[in-house]
Amino acid sequence: MKLVPLGDRVVLKQLVAEETTKSGIVLPGQSKEKPQQAEIIAVGPGGVVDGKEVEMFVKAGQTVIYSKYSGTDVELDDETYIIVKQSDILAVVE
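Residues numbered from 1 in each chain as written. Predicted model: local features only at pLDDT ≥ 70, side-chain atom pairs only at ≥ 80, totals over all residues. Heavy atoms only, no water.

Thoughts on the overall build of the protein
Then, in step 1: A tally of helices and strands in the protein yields zero helices and eight strands.
Then, in step 2: If you list the helices and strands of the protein from N to C, you get β-β-β-β-β-β-β-β.
Then, in step 3: Taken over 94 residues, the protein has a buried fraction of 26%.
Then, in step 4: When the accessible surface of the protein is split by element, carbon and sulfur atoms take 51% of a total near 6,700 Å². (Helix = DSSP H or I, 4+ residues; strand = E, 2+ residues; numbered from the N terminus. Buried < 20%, exposed > 50% of the residue type's maximum accessible area, 1.4 Å probe, protein only. Areas by Shrake-Rupley, 256 points an atom, 1.4 Å probe, with all protein chains shown as cover.)

Some remarks on the nonpolar core
Then, in step 1: Among the nonpolar cores identified, the biggest contains 13 residues, and Val 10, Leu 12, Ile 40, Val 84 and Ile 89 are the most heavily contacted of them.
Then, in step 2: Every element with two or more residues in this core is listed here: β1 (9-14), β2 (37-43), β5 (63-66) and β7 (79-85).
Then, in step 3: Beyond its immediate stretch of four places on either side in the chain, Ile 89 contacts Val 10, Val 58, Val 64, Ile 65, Tyr 66 and Val 84. (Core = buried A, V, L, I, M, F, W, Y, C linked by side-chain atoms within 4.5 Å. Contact = heavy atoms within 4.5 Å.)

Some words on the pattern of salt bridges
Then, in step 1: Applying the stated criterion across every chain, the model contains two salt bridges.
Then, in step 2: Among the ionic pairs, Arg 9 bridges to Asp 8, the shortest N-O distance being 3.5 Å.
Then, in step 3: Its relative accessible area of 32% is what places Arg 9 among the partly exposed residues. (Salt bridge = Lys/Arg side-chain N within 4 Å of Asp/Glu carboxyl O.)

Some remarks on the sheet that holds β2
Then, in step 1: Judged by pairing direction, the sheet is antiparallel, and its six strands sit side by side in the order β6-β7-β1-β2-β5-β8 without closing on themselves. Whereas interior strands pair on both sides, the edge strands pair on one side only; in this sheet they are β6 (72-76) and β8 (89-93). Ignoring strand direction, the axes of neighbouring strands in this sheet form an average angle of 40 degrees.
Then, in step 2: Note: β2 against β5, three bridges, orientation antiparallel. From the neighbouring strand, Gln 37 faces β5, where its bridge partner is Ile 65. (Pairing = 2+ DSSP bridges. Axes fitted to C-alpha atoms, helices over the stretch in contact; angles between N-to-C directions.)

Side note on unusual backbone geometry
Most peptide bonds take the trans configuration, and most residues that are not glycine carry a negative phi.
Then, in step 1: Backbone geometry at Asp 77 places phi at a positive 55 degrees, although glycine is not the residue there.
Then, in step 2: Positionally, Asp 77 belongs in the loop between β6 and β7.
Then, in step 3: A positive phi angle, close to 60 degrees, is found at Asp 78, a residue other than glycine.
Then, in step 4: Mapping Asp 78 onto the fold places it in the loop between β6 and β7.

Considering the environment of Gln 36
Then, in step 1: Following the sequence through the fold, Gln 36 ends up in the loop between β1 and β2.
Then, in step 2: The spatial distance from the C-alpha of Gln 36 to the C-alpha of Ser 70 is 9.9 Å, given a sequence separation of 34 residues.
Then, in step 3: If sequence neighbours within four positions are ignored, Gln 36 has contacts with Val 64, Ile 65, Tyr 66, Ser 67 and Lys 68.

Overview of a nonpolar patch on the surface
Then, in step 1: A surface patch of nonpolar side chains, amounting to about 240 Å² of accessible area, comprises Ile 65, Leu 90 and Val 93.
Then, in step 2: Relative to the elements of secondary structure, Ile 65 occurs in strand β5. (Patch = residues over 30% accessible without salt bridge, like charges linked within 9 Å, V, L, I, M, F, W, Y side chains within 5 Å.)

Here's what the structure looks like:
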């Protein structure tokens, strides 16, 4: 199966959290915070959303940082994806 987002939605796959800090401290599973970096898997067509013209500025394959409490988690084929609006994406990592 394949996720195809509608409107100004973007499908993200969250990047794996690091298990050790830069100083070498190993973090136990419970203390790990959900990372806010993800790879874009699919991008909706944009168009008119809520009466406003929306142009999509991101594309599949880019790594982005998104808002902490945004999006909807979806599980498909044993993979977890996050569907967010383009406006919930804060930055593109280059």
